[in-house]
Amino acid sequence: MKDFRERLYFRADGYLYDETRNLLTQEFADISIVNNIVEQIASGENTLNTIRRY
């Protein structure tokens, strides 16, 4: 099961690999906002107030 999840989420050819970025791109017109949100989450930020500050 672990291998399946790794392929699904964490490999570049996985079905859900870019899903987070795709969903955010649909919500925000400015791609720099999307990139900023993804970078904040990747760096460990996990609350809306913390991410909102950037």
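The structure displayed is predicted, hence computed values, not measured ones. Residue indices begin from 1 for each chain and proceed along its sequence in written order. Residue-level local features of this predicted model are given only where pLDDT is at least 70; pairs of side-chain atoms are given and counted only at 80 or more, and the full residue set underlies all totals for whole chains, interfaces and linings. No hydrogens and no water enter the side-chain calculation; it runs on all heavy atoms of the structure.

### With respect to the overall build of the protein
Here a strand is any run of E in DSSP of at least two residues, a helix any run of H or I of at least four, and the numbering for each starts at the N terminus. What the protein contains, in helices and strands, is four helices and zero strands. For the protein, the succession of helices and strands along the chain, N to C, is α-α-α-α. Each of the three principal axes of the protein carries a C-alpha extent, and together these read 35 × 25 × 15 Å. Expressed as a percentage of its 54 residues, the buried residues of the protein come to 15%. Per-residue and other accessible areas follow the Shrake-Rupley method at a 1.4 Å probe size, with only the shown protein chains counted as cover for residues. Accessible surface computed for the protein: about 4700 Å², of which carbon and sulfur atoms make up 52%. To sort residues, take the accessible area from a 1.4 Å probe on protein chains only and compare it with the maximum for the residue type: under 20% means buried, over 50% means exposed, and anything in between is partly exposed.

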